[in-house]
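A closer look at the structure
Chain residues, written in single-letter form:
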Amino acid sequence: MRGLKVIYTIWLREFITFMREKFRIIAMIGQPLLYLLILGKGITAGMRLNGAENVDYISFMYPGIIGMSILFTSMFSAISIIWDKEFGFLKEVLVAPVPRWGVALGKSLGGATIAMFQSVILICMAPLAGISLSVVVVIQMLLLSFLISFAITSFFVAVASRMESMQSFQVVMNFVVMPIYFLSGAMFPMSSAPGWMKTLMALNPLTYGVDAFRNVIFSRTLVAVPGGPAVPLLDMARAGGLVHWGLSFDLGVMTLSAAALAAAGAWAFSRAA
Amino acid sequence: MPDIIRVEGLVKKFGEFTAVAGIDFTVQAGEIFGFLGPNGAGKSTTIKILATLLKGSGGKAMLAGYDVAVSPNEVRQCIGLVFQDQSLDERMTAEENLWFHAMLYDVPKDLFATRMEQVLTMVDLTDRKKSLVRTFSGGMKRRLEIARGLLHHPRVLFLDEPTLGLDPQTRNAIWKHVRKLRDEIGTTVFMTTHYMDEAENCDHIAIIDHGKIQAIDTPANLKRTIGGDTIVVGGDDGLLDELRSKYNVEVQKTGSEFHFQMPSGAEFVPRIVADFAGRIRSIQVKQPSLEDVFLKLTGRAIREQEGSALDSMRQNVQLWRRGRR
């Protein structure tokens with residue numbers, strides 16, 4: 001009971017403070033727009049996807065951008081632990097007569113909730129990527145965002161618990177966040193990657209998250225084929241190796257990862273300070 | 001009155017450095033107990049051990065009947081803490097900071113509203129409860145922290161240098177609040193300070209230096225140990241030995257001044273002026289203060305010494321952090 005109250009309290013505080021950070025909200029809208037409009041459109045204009053020539057690169061990249069945005073949003077939620085440490089607020093939490101795992105879990109749930117907001121913003125951008133959605137797809141996307149962000153926030157709670165100051169943040173950014181992003185299949189399909197990279201990608205939980213997003217997001221879109229009837233995007237993506245696994249497999253791996261990472265986050269945070 | 005804090009042979013070592021070198025003391029329920037000592041004397045370390053934030057290297061500390069090393073959660077529920085550095089969330093309002101605290105300390109929902117009014121009134125912040133803490137001055141933040149520390153009616157409130165860096169007006173206001181809450185709620189107050197005048201407000205004072213307690217008593221009794229008035233003489237270095245031999249007193253030297261005690265100091269002045277005509281630059285006669293007690297016990301003035309290397313480093317970090325805020 002006490003644990004639940006702590007989770008709720010931390011969760012609500014995450015949310016209250018998030019709503020007051022105008023710049024963070026602007027970044028949440030601006031960053032994916034930048035990627036979609038400039039990077040997505042630019043690459044689409046100059047390149048075709050091997051084996052799935054009729055799929056626009058921007059459609060392929062759109063679920064990847066959602067994955068990327070969730071990655072960054074979740075990381076910022078968890079990294080706020082270091083700000084709390086530097087600004088002293090963490091002490092107030094650490095001396096309270098509450099279980100530490102509750103604090104860690106509240107943090108992860110807060111991050112996951114904020115990531116759902118991020119997804120709402122991205123869902124509004126779907127037409128830019130030539131994607132058709134339905135109510136069911138939108139709900140699936142939101143739930144998936146929650147699950148993936150919960151896993152990632154938990155992971156960074158574990159990382160942040162070991163970090164002393166914001167100085168080490170650059171290192172984490174370059175050697176943890178970027179590899180997770182690059183090796184998630186967000187920017188290029190796993191099927192065309194070299195063998196060693198495939199192995200690394202298969203070890204990255206976000207790969208399954210991005211794959212699950214493609215399974216869900218491509219399900220309602222039809223692609224025009226020159227000289228024939230329109231083909232469902234999902235079928236075409238499967239045939240072209242752009243979608244690797246089935247949705248239930250992706251979900252299974254994501255759920256297991258989320259559980260393991262939540263445990264790791266709670267454990268690491270309990271040992272902090 | 002029963003003891004609410006009982007410390008026996010408490011030791012804390014950081015590697016080779018001994019911060020707390022075996023201290024014993026008891027604090028009675030409902031009193032204001034002060035730890036007086038220079039920076040690096042072991043005051044904050046002791047508070048951290050009592051508040052379960054650090055584990056001691058030896059000895060035992062009991063708080064409200066719980067061993068701080070064995071039952072940290074029970075101890076945490078009984079105490080309130082106000083740190084040297086602030087620990088508020090500046091992005092939340094005063095009210096939200098209190099709400100957060102009430103939730104963590106399991107203050108019942110129906111009690112929260114009245115408690116909040118009570119503590120905010122006590123620190124004169126009722127009209128600012130909807131403001132973001134970011135907009136508060138240093139003194140207001142400190143008052144809000146004290147209010148927050150009291151919200152769950154702790155049996156012991158720890159104040160670590162509660163008035164550090166505050167202006168005299170705010171310091172007085174905070175002291176008024178501390179005494180009020182002791183009277184109104186019956187909270188025991190355990191505080192550290194290196195301001196002598198502040199320590200006068202305590203019921204009992206422990207003077208701590210180099211991790212050891214040099215004396216524990218009421219401020220009045222401590223001053224009584226001085227015996228008479230304090231005479232401070234400014235003059236040449238040769239005075240040190242001559243004063244000692246001529247008046248048969250213990251003389252402490254700080255800078256170019258010599259401190260010693262004399263019964264009825266005012267009548268002594270004409271005598272010393274006659275004895276050392278032309279060699280004395282200045283004479284002061286003072287009622288004994290805790291400063292004199294400290295000087296007598298440790299042979300040094302509390303301000304003149306440097307803190308330990310660790311301490312000054314910590315202060316630099318704090319300054320640097322404040323600068324970035």
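Residues numbered from 1 in each chain as written. Chains lettered and ligands numbered in written order. Predicted model: local features only at pLDDT ≥ 70, side-chain atom pairs only at ≥ 80, totals over all residues.

This part is about the overall build of chain B. Assigned secondary structure in chain B consists of 12 helices and 14 strands. Considered along the principal axes of its C-alpha atoms, chain B spans approximately 75 × 45 × 40 Å. Excluding contacts between residues fewer than 6 apart, the proportion of contacts in chain B whose partners are at least 24 apart in sequence is 71%. (Helix = DSSP H or I, 4+ residues; strand = E, 2+ residues; numbered from the N terminus. Contact = placed C-beta atoms within 7 Å.)

Moving on, we get to the overall build of chain A. Each helix and strand in chain A was counted, giving 11 helices and 2 strands. Counting helices and strands in the order they occur from the N terminus, chain A gives α-α-α-α-α-α-α-α-α-β-β-α-α. For 273 residues, the compact-globule estimate of 2.2 N^0.38 gives 19 Å, and the C-alpha radius of gyration of chain A, at 19 Å, lies within 12% of that figure. In terms of overall dimensions, chain A has C-alpha extents of about 70 × 35 × 35 Å along its principal axes. (Rg over C-alpha atoms; globule rule 2.2 N^0.38 Å.)

Right, let's talk about the pairing of strand β11 (residues 229-235) of chain B for a bit. Residues and elements named next belong to chain B. In this structure, β11 lies alongside strand β13 (residues 257-262), joined through 6 bridges in antiparallel fashion. Within the sheet, the bridge partner assigned to valine 232 lies in β13 and is histidine 259. Bridge analysis of β11 against strand β14 (residues 280-286) gives 6 bridges, and the strand direction is antiparallel. Note on β14: the bridge partner recorded for valine 233 is isoleucine 283. (Pairing = 2+ DSSP bridges.)

An α-helical segment advances 3.6 residues per turn. Residues three or four places apart therefore align on the same side. All names here are of chain A. With 25 residues, helix α11 (residues 247-271) should reach 36 Å at 1.5 Å per residue; the first-to-last C-alpha distance of 36 Å fits that figure. Among all positions of α11, only Asp250, Leu251, Met254, Ser257, Ala258, Leu261, Ala262, Gly265, Ala266 and Phe269 are buried. In this structure, the buried side of α11 is in contact with α5 (100-123), α6 (135-162) and α9 (205-217). (Expected span 1.5 Å × (residues − 1). Buried ≥ 20, exposed ≤ 12 C-beta atoms within 10 Å, placed from the backbone.)

A few words on the interface of chain A and chain B. Facing 18 residues of chain A, the contacting portion of chain B comprises 22 residues. Of all the secondary structure elements, the ones that give two or more residues to the side of chain A that touches chain B are α1 (2-19), α3 (57-87) and α4 (89-94) of chain A. At 7 residues, the largest contribution of residues to the side of chain A that touches chain B is made by α1 of chain A. Its residues assigned to classes, the side of chain A that touches chain B comprises 8 nonpolar, 3 polar and 7 charged. (Nonpolar A, V, L, I, M, F, W, Y, C, P; charged D, E, K, R; others polar.)

Now for the pairing of strand β6 (residues 79-82) of chain B. Residues and elements named next belong to chain B. Neither face of β6 is open: one carries Ile79 and Leu81, the other Gly80 and Val82, and all of them are buried. Taken together, the 4 bridges between β6 and strand β7 (residues 156-160) define a ladder with parallel strand orientation. Paired with leucine 81 across the bridge in β7 is phenylalanine 158.

Take the domain arrangement of chain B next. Parsing chain B into structural domains produces domain 1 (3-222) and domain 2 (227-287). Computed over C-alpha atoms only, the centres of domain 1 of chain B and domain 2 of chain B are separated by 40 Å. (Domains from an automatic or database assignment.)

We now examine the nonpolar core. Proteins that are soluble and globular tend to have nonpolar side chains buried together. Grouped together as the largest cluster of nonpolar side chains are 146 residues, with contacts concentrated most on Leu63, Ala147 and Phe158 of chain B. Per element, the largest residue contribution to this core is 17 residues, and it comes from α3 of chain A. The residues touching alanine 147 of chain B, leaving out its near neighbours within four places in the chain, are Val119, Leu120, Met122, Val123 and Leu125 of chain B. (Core = buried A, V, L, I, M, F, W, Y, C linked by C-beta atoms within 7 Å.)

On to the packing of α9 of chain A against α11 of chain A. Residues and elements named next belong to chain A. Two numbers describe how α9 lies on α11: the axes approach to 9 Å, and their chain directions differ by 145°. Judged by the sense of rotation from one axis to the other, the crossing of α9 with α11 is left-handed. Residue-level contacts link Pro205, Tyr208, Gly209, Asp211, Ala212, Asn215 and Val216 of α9 to Leu247, Asp250, Leu251, Val253, Met254 and Ser257 of α11. Tallied by class, the residues present in the contact of α9 with α11 amount to 8 nonpolar, 3 polar and 2 charged. (Axes fitted to C-alpha atoms, helices over the stretch in contact; angles between N-to-C directions. Left-handed = near helix turned anticlockwise from the far one by under 90°.)

Below, the discussion takes up the sheet that holds strand β3 (residues 32-36) of chain B. All names here are of chain B. Pairing is mixed in the open sheet, where 6 strands are placed in the order β6-β7-β8-β3-β9-β10. The open sheet has two edge strands, β6 and β10 (212-217), and neither has a second partner. The average undirected angle you get between the axes of adjacent strands in this sheet is 15°. Contacts from helix α1 (residues 43-50) reach β3, β7, β8 (188-193) and β9 (204-209) within the one sheet, and its direction differs from that of β7 by about 150°. The strands that helix α11 (residues 290-298) touches are β3, β9 and β10; relative to β9, the one it contacts most, it runs at about 40°.

What follows covers the sheet that holds strand β4 (residues 58-63) of chain B. Residue and element names in this part refer to chain B. With antiparallel pairing, 4 strands are arranged side by side in an open sheet as β2-β1-β4-β5. This sheet does not close on itself; its edge strands, each paired only once, are β2 (17-28) and β5 (66-67). Examined bridge by bridge, β4 and β5 share 2 bridges and lie antiparallel to one another. Across the sheet, residue methionine 62 finds its bridge partner in β5, namely aspartate 67. Against the sheet, α1 engages β1 (3-14), β2 and β4, with an angle of about 120° to β1.

Right, let's get into the packing of α6 of chain A against α11 of chain A. All names here are of chain A. Direction vectors running N to C along α6 and α11 enclose 25°, while the axes themselves pass 8 Å from each other. Between α6 and α11, the crossing angle belongs to the class labelled roughly parallel. For the pair α6 and α11, the crossing hand works out as left-handed. Residues Leu147, Ile148, Phe150, Ala151, Ser154, Phe155, Val157, Ala158, Ser161 and Arg162 of α6 lie in contact with α11, whose contacting residues are Met254, Thr255, Ser257, Ala258, Leu261, Ala262, Ala264, Gly265, Ala268 and Phe269. In the contact of α6 with α11, the residues fall into 14 nonpolar, 5 polar and 1 charged. (Parallel < 35°, antiparallel > 145°, perpendicular 65-115°, else oblique.)

Below, the discussion takes up the confidence of the model for chain B. Residue and element names in this part refer to chain B. When pLDDT is averaged across chain B, the result is 84; 92% of the residues are at 70 or more. Summarising per-element confidence for chain B, the mean pLDDT is lowest in helix α12 (residues 309-324) (49) and highest in helix α3 (residues 94-104) (96). Residue range residues 304-309 is modelled with pLDDT below 50. Its contacts to residues more than four positions away, or to other chains, number 7 contacts. Reported confidence for the predicted complex is 0.90 by ipTM and 0.82 by pTM. (pLDDT = per-residue confidence, 0-100.)

Residue and element names in this part refer to chain B. Despite not being glycine, alanine 64 has its phi angle at roughly 50°, a positive value. Along the chain, alanine 64 falls in the loop between β4 and β5. With a phi angle near 45°, histidine 153 is a residue other than glycine that sits in the positive phi range. With respect to the helices, strands and loops of the structure, histidine 153 is situated in the loop between α5 (138-150) and β7.

In this section: the environment of leucine 122 of chain A. Residues and elements named next belong to chain A. Along the chain, leucine 122 falls in helix α5. Residue leucine 122 is classed as buried on the basis of its 25 C-beta neighbours within 10 Å. Spatially, the C-alpha atom of leucine 122 lies 6.7 Å from that of isoleucine 66, the residues being 56 residues apart in sequence. What leucine 122 contacts, discounting residues up to four positions off in sequence, is Pro32, Ile65, Ile66 and Ser69.

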